[in-house]
Amino acid sequence: MLIEKVTTVTFEPMNQIHNNELKYINNLYSAIENNGDVKKAYEEFLNDVKEHFSFEEKLMEKYNFFAIVPHKMEHNRIINELEELKNKLNDTEYLKDYLTKAFIPWLENHINTIDTVTAGFFKMVNATI
């Protein structure tokens, strides 16, 4: 298992999405470590990340979140990185390095900073999904 948990935020639907994403990250890492179907695990992971970001962005738009632009820019940057990573799925060492040294630290920082602010905003406005 690569990552067991992340910081919780004050808006429970975001916690559910974050926890679900950990399953996809760990499945991908397991596929890499055990010579599994990396391509399939990666596609599932990437689709989950896109759904995760779309969920947050729709709520930010619905409730006119004040920091929507930088939040969406960060999502777009990561999606672009992940799309580029598709070209390196055969290089399992590179994938492991990306997950452990880039994506996981980014995810933890993103949740601890901008997602925490976003969740607080959603709670303040009594957002519903």
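Residues numbered from 1 in each chain as written. Predicted model: local features only at pLDDT ≥ 70, side-chain atom pairs only at ≥ 80, totals over all residues. Heavy atoms only, no water.

**Q** I would appreciate a short explanation of the packing of aromatic side chains in the present structure.
**A** Counted by the stated rule, this structure contains eleven aromatic pairs. The interplanar angle of 70 degrees and the centroid separation of 6.1 Å between the aromatic rings of F53 and W106 together place this pair among those described as edge-to-face. Highlighted residues: F53 in helix 2 (residues 38-62) and W106 in helix 4 (residues 92-124), separated in sequence by 53 residues. Put simply, the rings of Y42, F45, F53, Y98, F103 and W106 touch in pairs and so form one group of aromatic residues. The ring of Y94 is capped by K88, whose NZ or CZ atom sits 4.5 Å from the centre of that ring. (Phe/Tyr/Trp six-rings, centres within 6.5 Å; stacked < 30°, edge-to-face > 60°. Helix = DSSP H or I, 4+ residues; strand = E, 2+ residues; numbered from the N terminus. Lys NZ or Arg CZ within 6 Å of the ring centre and 35° of its normal.)

**Q** What am I meant to see in the environment of Y98 here?
**A** With respect to the element layout, Y98 can be found in helix 4. Not counting the four nearest positions on each side in its chain, Y98 is found in contact with E81, L82, L85 and F103. (Contact = heavy atoms within 4.5 Å.)

Treat this as a map of the structure, not an account of what it does.
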